[in-house]
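Observations on chain architecture
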Amino acid sequence: MRRAAGGLLLALLVPSVAAAAETADLLVRNATVVTVDAERRVIRDGAVAIQGGRIAAVGPAAEVGARYSAAETLDAGGGLVLPGLVNAHTHAPMVLFRGIADDLKLMDWLQKYIFPAEARNVTAEFVKAGTRLAALEMIRSGTTTFVDMYYFEDQVAEAAKEAGLRTVAGETIIGFPAPDNKTIADALAYTERFLKRWAGDPLVVPAVAPHSAYLADPDALRASRALADRYGAPILIHLSESQDEQATVKERYKKTPTVHLRDLGILRKGVLGAHGIWLDAGDRAILKEAGAGIAHCPQSNMKISSGPAPVREMLAEGLRLGLGTDGAASNNDLDMFEEMLTAALLAKHVTGDPTVAPAASVLEMATLGGARALGMEDRLGSLEPGKRADLIVVDLSAPRLHPLYDPVSHLVYAAKGADVRHVVVEGRVVMRDRKITTLDEAAVLADAERLRGQVVQSLAK
Ligand SMILES: [Zn+2]
């Protein structure tokens, strides 16, 4: 108040000075700011000013503080402020199947557990409850944007909005009867309604999500492209996740999945392929040329033994490379800090080269890389004026974060999701001092436990 009154007095006396004093909605201060901007600046004693859901200024606290007075202040407590993490591939509602069955071959796991459990349980209500649970977990571990492919995506989007999270979401278009849409034509019609309903939403970016080159036929893929073009929407798809997929597509079309998608006219900027494990040099050149992105999912890939993705090559070749958890049934959590650590370690382990996937590259994968993979780097992924105000504050008080030489090293190799203290999405504080401000956490957990009982019963039948 005193500050505002002083500003007013100055405005009356010296208009030219007062013109520089602006009001921000939120000022994040007392922080080391890891910007992930073009110069990869790390600003000690930095601050971030937020106005109208956008970042207005990032810089030394003295500069930002001199320029902005704020309606609300968020004290970072000397912690690290960084762009909110982008989970570039998940199936959020699948948290309700977390730990239902582990340590199985992919086809056993899918056919004996996941498909029956989905067929008997997945409803609009189930998806909404699952997405709320996933949202709690994601906010608590620093994710501000999640890229989702599942069923009943209207409920995924509704729950994301309730939680205050950003999502890029697409209804799965798949060549067998899903819990909601029974045919590809139904799924395409659902997708068009979904694209219309969420157009222009500040938090929900509606996408088109054909499952893959092996579970969506060429007509479905072409129709998906046409819808994406008509509504300016991204395309989400699984790409080269398994050797079975490679073999099936090769047998059917005499091509790799990537060449198949290119020949159908699918690939361009704004297409995000999940996994990308079996991409060869030709596939990678096609994706790079097209501007399409890849979501690397190291923990899921390891758990299902799908193989290691060519991360060294994708980084060296400058692909648009993001990082994702995949669904919690094959991870089994949505913690992007774990995913960063795993991405760094796995790439070194499989290449025998510890210089591969350095901390800065991995942090980039989880932030700006995810934004680039979506073709949304103009809006998301770094702390720069003009971008959407999605940021997290990582507390540094845990013993495991002392001493501190290099903030980026700690973020990838030593920090945990539980170190995230505050989370801001679109300028709104959705977690403050580890307290979620948007959802009723106890009610969401109680709902999840109730649904667990239902899932157990359904599988006993
Ligand atoms: Zn997936």
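Reference entry: report on the structure contained in this document.

Conventions we followed
Counting of residues starts from 1 at the beginning of each chain's written sequence and follows it residue by residue. Reporting of local features is limited, given that this is a predicted model, to residues whose pLDDT is at least 70; pairs of side-chain atoms are given and counted only at 80 or more, and all residues count toward the totals for whole chains, interfaces and linings. Side-chain metrics rest on all non-hydrogen atoms present in the structure, leaving aside hydrogens and water. Planes of paired rings set the category: under 30 degrees apart is stacked, over 60 is edge-to-face and the rest tilted, where pairs are Phe, Tyr or Trp rings (Trp by its six-membered ring) whose centres lie within 6.5 Å. Accessibility here uses a 1.4 Å probe with only protein chains present; expressed as a share of the type maximum, an area under 20% marks a residue as buried, one over 50% as exposed, and anything in between as partly exposed. Atoms of type N, O and S within 2.8 Å of a metal are treated as its donors, and for Na, K and Ca the window is 3.2 Å; water is not considered, so some sites may appear to be missing partners. In short, tetrahedral needs four donors with all angles between 85 and 135 degrees, square planar needs four and octahedral six donors with opposite donors over 155 degrees apart and all other angles between 65 and 115, and whatever is left is irregular. Numbered from the N terminus, helices here are DSSP runs of H or I no shorter than four residues, and strands are runs of E no shorter than two. Cavities and pockets were defined on a 1 Å grid built from protein atoms only: a cavity is a group of points that admits a 1.4 Å probe but offers it no way out, a pocket is an open group of points flanked by protein on both sides within 12 Å along at least five of seven lines, and a lining residue is one with an atom within 4 Å of any such point. Grid points are joined across faces, edges and corners, and a volume is the space filled by probe spheres set on the points. Amino acid classes used here: Ala, Val, Leu, Ile, Met, Phe, Trp, Tyr, Cys and Pro are nonpolar; Asp, Glu, Lys and Arg are charged; the rest, including Gly, are polar. Whether two residues are in contact is decided by their heavy atoms: any pair within 4.5 Å suffices. In this description, a line fitted to the C-alpha atoms serves as the axis of each element, helices being fitted only across the stretch in contact, and the angle between N-to-C directions of two axes falls anywhere from 0 to 180 degrees. Should an angle fall under 35 degrees it is called roughly parallel, over 145 degrees roughly antiparallel, and 65 to 115 degrees roughly perpendicular, with every other angle called oblique. Should the near helix be turned anticlockwise from the far one by less than a right angle, the crossing is left-handed, and should it be turned clockwise, the crossing is right-handed.

1. Quick notes on the packing of aromatic side chains
- This structure, assessed with the given rule, holds 5 aromatic pairs.
- Centre to centre, the rings of tyrosine 150 and tyrosine 151 are 4.8 Å apart; their planes meet at 45°, and the pair counts as tilted. The residues tyrosine 150 and tyrosine 151 share a single accessibility class, namely buried.
- Feature note: the residues Tyr190, Phe194 and Trp198 constitute an aromatic cluster, connected by ring pairs.

2. Details of the coordination of the zinc ion
- The coordination sphere of the zinc ion, as far as protein atoms go, consists of His89 (NE2), His91 (NE2), His238 (NE2) and Asp326 (OD), spread over 2.1 to 2.6 Å.
- Between the 4 donor atoms coordinating the zinc ion, the angles at the centre fall across 80 to 176°, so the site counts as irregular.
- In the primary sequence, the donor residues of the zinc ion line up as H-x1-H-x146-H-x87-D. Taken as a pair, histidine 238 in strand 10 (residues 235-239) and aspartate 326 in the loop between strand 13 (320-323) and helix 14 (336-351) lie far apart in primary sequence, 88 residues in all.
- On the basis of relative accessibility, which here comes to 6%, the residue histidine 238 falls in the buried class.

3. Thoughts on the layout of surface pockets
- In this structure, the largest pocket spans a volume of roughly 870 Å³.
- Along the wall of the largest pocket there are 37 residues; nearest its centre are Leu106, Trp109, Leu110, Tyr214 and Glu241.
- Of all the secondary-structure elements, those providing two or more residues to the lining of the largest pocket are helix 4 (106-121), strand 7 (143-150) and helix 9 (243-253).
- Per-element tally for the lining of the largest pocket: the top contributor is helix 4, with 8 residues.
- When the residues that make up the lining of the largest pocket are grouped by side-chain class, the tally is 17 nonpolar, 13 polar and 7 charged.
- One number sums up the size of the second largest pocket: a volume of about 390 Å³.
- Along the wall of the second largest pocket there are 27 residues; nearest its centre are Val205, Gly232, Pro234, Met376 and Arg379.
- For the lining of the second largest pocket, the secondary-structure elements that each account for two or more residues are helix 7 (184-198), strand 9 (204-210) and helix 8 (218-231).
- No other element matches helix 8, which puts 4 residues into the lining of the second largest pocket.

4. Quick word on helix 6 (residues 153-163)
- Extensive coverage of helix 6 is indicated by the burial of 9 of its 11 residues.
- At its buried positions, helix 6 is contacted by helix 5 (124-140), strand 7, strand 8 (166-173), helix 7, strand 9 and strand 16 (428-432).
- Just downstream of helix 6, glycine 164 is the residue with a positive phi angle, here 80°.

5. Points about the environment of methionine 376
- Its location among the elements puts methionine 376 in the loop between helix 15 (359-373) and strand 14 (391-394).
- Of the residues examined, methionine 376 reaches a relative accessible area of 4% and is grouped as buried.
- Each C-alpha atom, one on methionine 376 and one on proline 234, is 9.6 Å from the other, the two residues being 142 residues apart in sequence.
- Setting aside its immediate chain neighbours within four residues, methionine 376 contacts Val168, Val205 and Ala371.

6. Some thoughts on the packing of helix 5 against helix 6
- Where helix 5 meets helix 6, the axes come as close as 8 Å, and the angle between the chain directions of the two elements is 40°. As the angle between them shows, helix 5 and helix 6 are arranged oblique. When you trace helix 5 past helix 6, the crossing you get is right-handed. For the pair helix 5 and helix 6, contact is made by Ala124, Val127, Lys128, Thr131, Arg132, Ala135 and Ile139 and by Gln155, Val156, Glu158, Ala159, Ala160, Glu162 and Ala163, respectively.
- Tallied by class, the residues present in the contact of helix 5 with helix 6 amount to 8 nonpolar, 2 polar and 4 charged.

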